[in-house]
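The primary structure of each chain is shown beneath.
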Amino acid sequence: ENDIDLLEISHDTIFQDDPNTGVGVGIGSYDHGNYRRISINNSLVTIGAGTTGIELIGTQGNRVFENVVDMTYSDPNYTLAGISALSCTENNIACNFVTSNTGTYSNPWSQYGYLTSLSQENDIQCNDAENVNNGFEFDGNCSMPNRFKGNLMNLNFYGLNINSTGAINKQIHRGNNFMPG
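Residues numbered from 1 in each chain as written. Predicted model: local features only at pLDDT ≥ 70, side-chain atom pairs only at ≥ 80, totals over all residues. Heavy atoms only, no water.

1. What about the nonpolar core?
And then number 1: I40, I54, V69, I83, I93, F136 and F138 are the most contacted members of the largest nonpolar core, which has 30 residues in total.
And then number 2: If you list the elements that add at least two residues to this core, you get strand 3 (23-27), strand 4 (37-41), strand 5 (44-47), strand 6 (52-57), strand 9 (80-86) and strand 15 (134-139).
And then number 3: With 3 residues, the top contributor of residues to this core is strand 9. (Core = buried A, V, L, I, M, F, W, Y, C linked by side-chain atoms within 4.5 Å. Buried < 20%, exposed > 50% of the residue type's maximum accessible area, 1.4 Å probe, protein only. Helix = DSSP H or I, 4+ residues; strand = E, 2+ residues; numbered from the N terminus.)

2. Let's talk about unusual backbone geometry
And then number 1: Positioned with a positive phi, E66 is a non-glycine residue whose angle comes to about 55°.
And then number 2: The phi angle at N169 is positive, at roughly 70°, despite the residue not being glycine.
And then number 3: Along the chain, the position of N169 falls in the loop between strand 18 (158-162) and strand 19 (177-179).

3. Here we look at the packing of aromatic side chains
And then number 1: In this structure the tally under the stated criterion is 4 aromatic pairs.
And then number 2: Here the aromatic rings of Y114 and F136 are separated by 4.5 Å at their centres, their planes lie at 5°, and the arrangement is stacked. Within this pair, whereas Y114 is found in strand 12 (residues 111-117), its partner F136 is found in strand 15, the two being separated by 22 residues in sequence. We note that Y114, like F136, is buried.
And then number 3: Judged by centre distance (4.9 Å) and plane angle (85°), the rings of F157 and Y158 are edge-to-face.
And then number 4: Judged by relative accessible area, Y158 falls into the partly exposed class, the value being 34%. (Phe/Tyr/Trp six-rings, centres within 6.5 Å; stacked < 30°, edge-to-face > 60°.)

4. So, the sheet that holds strand 13 (residues 123-125)
And then number 1: Read from one edge of the open sheet, 6 strands run 1-4-7-10-13-16, paired in parallel fashion. Each edge of the open sheet carries a strand with a single partner, namely strand 1 (6-10) and strand 16 (148-149).
And then number 2: Pairing of strand 13 with strand 16 involves 2 bridges; the strand directions are parallel. Bridge assignment links I124 to a residue of strand 16, and that residue is F148. (Pairing = 2+ DSSP bridges.)

5. Some thoughts on the pairing of strand 6
Regular strands show a simple pattern: their side chains alternate between the two faces of the sheet.
And then number 1: Burial analysis of strand 6 places 5 of its 6 residues in the buried class, the great majority of the element.
And then number 2: Across 4 bridges, strand 3 lies against strand 6 in parallel orientation. For V25, the partnering residue across the bridge sits in strand 6 and is I54.
And then number 3: Two strands pair when backbone bridges link them, and strand 6 and strand 9 are joined in this way by 5 bridges, in the parallel orientation.

6. Some points on the sheet that holds strand 14 (residues 128-130)
And then number 1: Spatial strand order, 2-5-8-11-14-17-19: 7 strands in an open sheet with parallel pairing. On the outer flanks of this sheet lie strand 2 (13-16) and strand 19, each paired with one strand and no other. The sheet shows a mean angle of 10° between the axes of neighbouring strands, taken without regard to direction.
And then number 2: Note that strand 17 (residues 152-154) and strand 19 share 3 bridges and pair parallel. Bridge assignment links L152 to a residue of strand 19, and that residue is N177. (Axes fitted to C-alpha atoms, helices over the stretch in contact; angles between N-to-C directions.)

What follows is the structure in C-alpha coordinates.
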(Lines give C-alpha, C1' and ligand atoms only; values in the text may rest on other atoms or scores of the structure.)
Protein backbone atom coordinates (compact mmCIF):
# COMPACT_ATOMS: atom_id res chain seq x y z
CA GLU A 1 0.00 0.00 0.00
CA ASN A 2 1.30 3.44 -0.91
CA ASP A 3 1.89 5.97 1.79
CA ILE A 4 1.61 8.82 -0.74
CA ASP A 5 -0.61 8.75 -3.84
CA LEU A 6 0.68 12.03 -5.30
CA LEU A 7 3.88 13.87 -4.56
CA GLU A 8 3.99 17.33 -6.09
CA ILE A 9 7.15 19.39 -6.48
CA SER A 10 5.83 22.75 -7.56
CA HIS A 11 6.85 26.41 -7.77
CA ASP A 12 10.36 25.75 -6.46
CA THR A 13 13.66 27.43 -7.25
CA ILE A 14 16.56 24.98 -7.22
CA PHE A 15 20.21 25.81 -7.82
CA GLN A 16 22.38 22.73 -8.37
CA ASP A 17 26.05 23.58 -7.95
CA ASP A 18 27.50 20.37 -6.51
CA PRO A 19 29.28 18.16 -9.06
CA ASN A 20 29.26 15.26 -6.57
CA THR A 21 25.48 14.98 -6.26
CA GLY A 22 24.81 16.32 -9.73
CA VAL A 23 20.99 16.32 -9.93
CA GLY A 24 18.57 19.16 -9.20
CA VAL A 25 15.45 16.96 -8.88
CA GLY A 26 15.74 13.18 -9.18
CA ILE A 27 12.96 10.60 -9.13
CA GLY A 28 14.19 7.02 -8.90
CA SER A 29 13.10 3.53 -9.83
CA TYR A 30 11.72 2.68 -6.42
CA ASP A 31 8.47 4.28 -7.64
CA HIS A 32 8.19 2.19 -10.83
CA GLY A 33 4.99 0.19 -10.87
CA ASN A 34 3.81 1.49 -7.50
CA TYR A 35 1.31 3.85 -9.15
CA ARG A 36 2.58 6.61 -6.95
CA ARG A 37 2.29 9.71 -9.07
CA ILE A 38 4.90 12.43 -8.95
CA SER A 39 4.39 15.82 -10.51
CA ILE A 40 7.26 18.25 -11.05
CA ASN A 41 5.88 21.53 -12.32
CA ASN A 42 6.34 25.29 -12.52
CA SER A 43 9.84 25.14 -11.07
CA LEU A 44 13.12 26.83 -12.01
CA VAL A 45 16.17 24.57 -11.92
CA THR A 46 19.55 26.22 -12.52
CA ILE A 47 22.57 23.99 -13.08
CA GLY A 48 25.96 25.35 -12.08
CA ALA A 49 28.33 22.39 -11.68
CA GLY A 50 25.72 19.65 -11.56
CA THR A 51 24.93 17.14 -14.29
CA THR A 52 21.13 17.04 -14.67
CA GLY A 53 18.26 19.42 -13.96
CA ILE A 54 15.36 16.95 -13.68
CA GLU A 55 16.06 13.23 -13.85
CA LEU A 56 13.60 10.33 -14.07
CA ILE A 57 15.10 6.86 -13.71
CA GLY A 58 12.89 3.79 -14.06
CA THR A 59 9.68 5.70 -13.37
CA GLN A 60 6.16 5.20 -14.67
CA GLY A 61 3.25 7.59 -15.07
CA ASN A 62 4.78 10.80 -13.73
CA ARG A 63 4.38 14.36 -15.00
CA VAL A 64 7.12 16.89 -15.66
CA PHE A 65 5.57 20.08 -17.01
CA GLU A 66 5.98 23.85 -17.25
CA ASN A 67 9.49 23.90 -15.78
CA VAL A 68 12.49 25.98 -16.77
CA VAL A 69 15.93 24.38 -16.68
CA ASP A 70 18.75 26.87 -17.10
CA MET A 71 22.17 25.47 -18.02
CA THR A 72 23.76 28.77 -19.09
CA TYR A 73 26.04 28.83 -16.02
CA SER A 74 27.29 25.28 -16.46
CA ASP A 75 30.62 24.05 -17.76
CA PRO A 76 30.02 22.57 -21.26
CA ASN A 77 32.62 19.87 -20.57
CA TYR A 78 30.22 18.17 -18.16
CA THR A 79 27.70 15.77 -19.62
CA LEU A 80 24.54 17.65 -18.82
CA ALA A 81 20.89 17.05 -19.46
CA GLY A 82 18.19 19.54 -18.76
CA ILE A 83 15.55 16.81 -18.42
CA SER A 84 16.30 13.10 -18.72
CA ALA A 85 14.14 9.97 -18.80
CA LEU A 86 16.12 6.75 -18.42
CA SER A 87 14.33 3.37 -18.55
CA CYS A 88 10.92 4.99 -18.03
CA THR A 89 7.39 4.31 -19.26
CA GLU A 90 4.22 6.37 -19.65
CA ASN A 91 5.57 9.66 -18.31
CA ASN A 92 4.31 13.01 -19.57
CA ILE A 93 7.08 15.53 -20.25
CA ALA A 94 5.32 18.65 -21.50
CA CYS A 95 5.69 22.41 -21.93
CA ASN A 96 9.18 22.68 -20.43
CA PHE A 97 11.90 25.13 -21.46
CA VAL A 98 15.58 24.12 -21.39
CA THR A 99 18.22 26.67 -22.28
CA SER A 100 22.01 26.82 -22.37
CA ASN A 101 24.83 28.60 -24.13
CA THR A 102 26.32 25.70 -26.11
CA GLY A 103 24.17 25.70 -29.23
CA THR A 104 27.27 26.05 -31.38
CA TYR A 105 29.55 23.86 -29.25
CA SER A 106 30.80 21.13 -31.58
CA ASN A 107 31.35 18.34 -29.01
CA PRO A 108 28.27 16.15 -29.69
CA TRP A 109 28.38 14.63 -26.21
CA SER A 110 28.46 17.89 -24.28
CA GLN A 111 24.85 18.75 -23.43
CA TYR A 112 21.32 17.54 -23.99
CA GLY A 113 18.18 19.55 -23.55
CA TYR A 114 16.09 16.37 -23.29
CA LEU A 115 17.78 12.98 -23.06
CA THR A 116 15.57 9.90 -23.42
CA SER A 117 17.07 6.43 -23.20
CA LEU A 118 15.37 3.02 -23.25
CA SER A 119 12.06 4.68 -22.34
CA GLN A 120 8.78 3.77 -24.00
CA GLU A 121 5.27 5.18 -24.37
CA ASN A 122 6.23 8.59 -22.98
CA ASP A 123 4.49 11.73 -24.17
CA ILE A 124 7.10 14.35 -25.03
CA GLN A 125 5.22 17.38 -26.22
CA CYS A 126 5.21 21.16 -26.30
CA ASN A 127 8.81 21.43 -25.05
CA ASP A 128 11.45 23.95 -26.06
CA ALA A 129 15.20 23.28 -26.30
CA GLU A 130 17.10 26.47 -26.95
CA ASN A 131 20.81 27.01 -27.57
CA VAL A 132 21.68 23.49 -26.34
CA ASN A 133 24.14 21.28 -28.21
CA ASN A 134 21.65 18.38 -28.59
CA GLY A 135 18.07 19.61 -28.30
CA PHE A 136 16.44 16.16 -28.09
CA GLU A 137 18.40 12.89 -27.99
CA PHE A 138 16.92 9.38 -28.16
CA ASP A 139 19.07 6.36 -27.28
CA GLY A 140 17.90 2.75 -27.58
CA ASN A 141 14.29 1.65 -27.90
CA CYS A 142 12.15 4.70 -27.11
CA SER A 143 8.98 3.49 -28.82
CA MET A 144 6.31 6.19 -28.62
CA PRO A 145 4.26 6.29 -31.82
CA ASN A 146 3.01 9.82 -32.52
CA ARG A 147 3.88 10.99 -29.01
CA PHE A 148 6.76 13.30 -29.91
CA LYS A 149 4.85 16.42 -30.90
CA GLY A 150 4.75 20.19 -30.82
CA ASN A 151 8.37 20.59 -29.68
CA LEU A 152 10.64 23.48 -30.63
CA MET A 153 14.32 22.99 -31.38
CA ASN A 154 15.79 26.49 -31.50
CA LEU A 155 19.43 27.46 -32.12
CA ASN A 156 20.83 24.02 -31.27
CA PHE A 157 23.87 22.37 -32.85
CA TYR A 158 21.68 19.25 -33.31
CA GLY A 159 17.96 19.84 -32.85
CA LEU A 160 17.01 16.16 -32.91
CA ASN A 161 19.46 13.29 -32.60
CA ILE A 162 18.34 9.67 -32.77
CA ASN A 163 21.53 7.70 -32.21
CA SER A 164 22.48 4.52 -34.06
CA THR A 165 20.49 2.32 -31.66
CA GLY A 166 17.68 4.83 -31.16
CA ALA A 167 14.10 4.29 -32.29
CA ILE A 168 10.97 6.36 -31.65
CA ASN A 169 8.63 4.70 -34.17
CA LYS A 170 6.57 6.44 -36.80
CA GLN A 171 5.93 10.10 -36.13
CA ILE A 172 3.46 11.59 -38.57
CA HIS A 173 4.06 15.36 -38.75
CA ARG A 174 3.13 16.38 -35.24
CA GLY A 175 4.03 20.07 -35.27
CA ASN A 176 7.67 19.85 -34.25
CA ASN A 177 9.65 22.91 -35.33
CA PHE A 178 13.34 23.21 -36.12
CA MET A 179 14.85 26.68 -36.06
CA PRO A 180 18.38 27.04 -37.47
CA GLY A 181 21.34 27.40 -35.13
